[in-house]
Amino acid sequence: MAVRDIVQAAAGNVGNPNAWDTTKAYYDAETATWDITNSYNFLSFNFQAQSSSVNTLFFKPDGTKMFLVSDSTNAILEYSLSAPWMVNTAAYVRTFGVGTQDTNPSGLFFKPDGTKMYMVGYSTDNVNEYNLSTPWDLATASYSQNFSVATEETTPRGIYFKPDGTKMYIAGTIGDAVFEYNLSTAWDITTASYLQNLSVVAQGTGPADLSFSPDGTIMFVLNVRDIDRYTLSTPWDVTTASFVSSIQLGDTNPRGIFFPPDGFSFYIVGLTSFSVIRYTIGGFNLQPYISGGSSNVFFNPDGTKMYQVSLNGARLNEFTLSTPWDTLTATFVQYKTVTIVDTDADAYNAYGVFFKPDGTKFYLAGQNLGGSTDFIWEWSMSVPWDVSTATFVYRRNIEPQAQTVRALSFSADGTKVYFVSPGASSDVVVQFSLGSPWSTNAAGWVYDSSFSVASQEADPTGIFFKPDGTKMFITGTINDDVKEYTLSTPWDVSTASFLQTGVSMQTELPFPRGLFFKPDGTQFWTVGFPSSNIRVLSYPISPI
């Protein structure tokens, strides 16, 4: 059972006791784990300072250490990661030479407890076994013994073990196959015996590396042009593998692949970019529907519709969700061009979007075309939630209190509006009162107060309130997480106080824009900017 299924089962029908507590949130790919076809890359680490050629990679199970196989220096390179799984935080630690065993080291695998390391190379066509007296510390590594695979493959490139150490797999470029071995004594390669193989030549020649899901039902093979995914009807039996799908990678010369055990991400090492690159699996890809980048996301109350505004004032996109709240079931419906040329000849960059609860109005916030003035724009829809029926109503200048606005929100009764304003390094939430609920052009609009979030987030980009106004949530592009605040007087930001930092989103996306919670507080969404593959990502809140 997947982690998401366990968490959902634990919730039962009694509600979620952790609702609105973002410290209990977790990333949910909203797709089948291990589905490489729904993946994107945004984190990388350049290894050229240590090696000009790397063949593969391996991580410690907690993501705090990374190991690279350098065939230019005939060594294993050890790195520490200050943030687990964040390859951009990798720092070189030490080198362990393996040239005595093989001058073309290519594949690498560690025993799960870090006390044994296995390297395969194609100078000797041997699997070499090493002992580590201190787990995961190459300074304590020593050579132990070897096992030849030359009878089956004379250019072995990848190596993988079943988690209990009773099976070993080799991928090679001469046989274009995955070779399976049994070990009569777990983790002792001298007890290995060849069993069978799977040809992968139909999908691509030159397999360079391989990986499995922890239960042995999914296998990945990295070849000269892509990653191929197979399902195994009998776990760990390669002869029962069936090809499912493949993806091409951003690096045109991939050499190694690694999958963490949760199946929500994978890493490749490539010689075109001279980098280790992280790919995250999941999320809804907005890229085909945006213009000039993406900003906040918004849902209707039952989760059957999703809206997203593009920057540069181009369009407000409308999607339907066949399964409520599941963005991967979203289908694009239409968009509304929301660039306005009014009496002041101003076009605008819309960053924030908010809908009136009955779907008859929406509001945009941002700057005019030159970015010199901040406004809120009000639109009315003759058919609720149908953006094609929208007509422009009013534009209001919200300066000098709100500058460089990145998001907006309203109180539940529509009598107050809030703007996230990182402008002029102020990093504040600005509150206004409306003379008439939901009307930006009525008399009585007045500035109320502001609240600084600078101590917690230096570039706030998203805001959301709990429906009773007693909690406020902020996200931003510096810390890539969610900050929680309590309001002693509901809907009055001047009474806000910082409560806690919620889930970190750094390993899934950079530069989160916008924040939206399910009405019961059990899930939230944000928009991230990984390279040119902009995504809506989901974070449910665990009931346990």
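One can find the structure itself at the top, above this paragraph.
### Comments concerning the overall build of the protein chain
Helices and strands together make up the secondary structure of the protein chain, namely one helix and 40 strands. Against the compact-globule benchmark of 24 Å for 544 residues, the protein chain has a radius of gyration of 27 Å, which places it among compact chains. In terms of its C-alpha atoms, the protein chain occupies a principal-axis envelope of roughly 85 × 50 × 40 Å. Of all 544 residues assigned to the protein chain, the portion counted as buried reaches 61%. Counting only contacts in the protein chain whose residues sit at least 6 apart along the sequence, the fraction spanning at least 24 positions is 48%. Per element, the accessible surface of the protein chain, about 18,700 Å² overall, is 50% carbon and sulfur. Of the charged side chains in the protein chain, 29 are positive and 49 negative, and the gap between their average positions amounts to 3 Å.

### Looking at the pattern of salt bridges
Any two side chains of opposite charge can pair if their charged atoms end up close together. This model, assessed by the stated rule, comprises 15 salt bridges. The closest approach of N and O atoms between Glu 129 and Lys 116, which form a salt bridge, is 2.7 Å. Taken together, the positions of Glu 129 in strand 8 (residues 126–132) and Lys 116 in strand 7 (residues 116–121) put the pair 13 residues apart, joining distant regions of the chain. Of the two residues, Glu 129 and Lys 116, neither departs from the other in class, the shared state being buried. For Asp 358, the salt bridge is made with Lys 356, and the minimal N-O distance between the two is 3.8 Å. You can call Asp 358 partly exposed: its relative accessible area is 39%. What emerges from the salt-bridge pattern is a single network uniting Lys 65, Glu 78, Arg 94 and Asp 137.

### Notes on the sheet that holds strand 8
Strand order in the open sheet formed by four strands is 6-7-8-9, with antiparallel pairing between adjacent strands. Of all the strands in the sheet, the pair left with one neighbour each is strand 6 (105–110) and strand 9 (141–148). Adjacent strand axes in the sheet meet at a mean angle of 25 degrees, parallel and antiparallel pairs treated alike. Across five bridges, the pairing between strand 6 and strand 7 is antiparallel. The residue of strand 7 that forms the bridge with Pro 105 is Gly 121.

### Some words on the packing of aromatic side chains
In this structure the tally under the stated criterion is 75 aromatic pairs. Between Tyr 27 and Tyr 539, the aromatic rings sit 5.7 Å apart at their centres with planes inclined by 55 degrees, giving tilted as the arrangement. You can see Tyr 27 sitting in the loop between helix 1 (3–11) and strand 1 (39–46) and its partner Tyr 539 sitting in strand 40 (residues 535–540), a full 512 residues away along the chain. Looking at Tyr 27, the relative accessible area reads 8%, which means it is buried. Overall, Tyr 539 belongs to the buried group, its relative accessible area being 0%.

### With respect to the pairing of strand 14 (residues 209–212)
Burial along strand 14 is two-sided: Asp 209 and Ser 211 and Leu 210 and Phe 212, pointing in opposite directions, are all buried. Direction of pairing for strand 14 relative to strand 15 (residues 218–222): antiparallel, over a ladder of four bridges. Each bridged residue has a counterpart across the sheet, and for Ser 211 the counterpart in strand 15 is Phe 220. Between strand 14 and the antiparallel strand that follows it, strand 15, lie five residues; Gly 216 among them carries a positive phi value of about 75 degrees.

### Description of the sheet that holds strand 14
Each strand in a sheet pairs with its neighbour through backbone hydrogen bonds, running either in the same direction (parallel) or in the opposite one (antiparallel). With antiparallel pairing, the four strands of this open sheet are ordered in space as 14-15-16-17. Two strands lie at the open edges of the sheet, namely strand 14 and strand 17 (241–248), each paired on one side alone. Direction aside, the axes of adjacent strands within the sheet are offset by 20 degrees on average. Strand direction decides the pairing type here: strand 15 and strand 16 (residues 226–232), joined by five bridges, are antiparallel. Note on strand 16: the bridge partner recorded for Val 221 is Asp 228.

### Describing the nonpolar core
Formed by 136 residues in total, the largest nonpolar core has its most connected members in Met 66, Ile 76, Met 168, Met 219 and Phe 419. If sequence neighbours within four positions are ignored, Met 219 has contacts with Val 178, Leu 198, Ser 211, Phe 212, Asp 228, Arg 229, Tyr 230, Leu 232, Val 238 and Ala 241.

### Side note on the environment of Val 200
Locating Val 200 in the fold gives a position in the loop between strand 13 (192–199) and strand 14. Between the alpha carbons of Val 200 and Asn 223 there is a distance of 9.2 Å; along the sequence they are 23 residues apart. For Val 200, the residues in contact, after removing those within four places along its chain, are Asp 176, Ala 177, Val 178, Pro 207, Val 221 and Tyr 230.

Parameters and conventions
- Residues numbered from 1 in each chain as written.
- Predicted model: local features only at pLDDT ≥ 70, side-chain atom pairs only at ≥ 80, totals over all residues.
- Heavy atoms only, no water.
- Helix = DSSP H or I, 4+ residues; strand = E, 2+ residues; numbered from the N terminus.
- Rg over C-alpha atoms; globule rule 2.2 N^0.38 Å.
- Buried < 20%, exposed > 50% of the residue type's maximum accessible area, 1.4 Å probe, protein only.
- Contact = heavy atoms within 4.5 Å.
- Areas by Shrake-Rupley, 256 points an atom, 1.4 Å probe, with all protein chains shown as cover.
- Lys, Arg positive; Asp, Glu negative; His and termini not counted.
- Charge placed at Lys NZ, Arg CZ, Asp CG, Glu CD.
- Salt bridge = Lys/Arg side-chain N within 4 Å of Asp/Glu carboxyl O.
- Pairing = 2+ DSSP bridges.
- Axes fitted to C-alpha atoms, helices over the stretch in contact; angles between N-to-C directions.
- Phe/Tyr/Trp six-rings, centres within 6.5 Å; stacked < 30°, edge-to-face > 60°.
- Core = buried A, V, L, I, M, F, W, Y, C linked by side-chain atoms within 4.5 Å.

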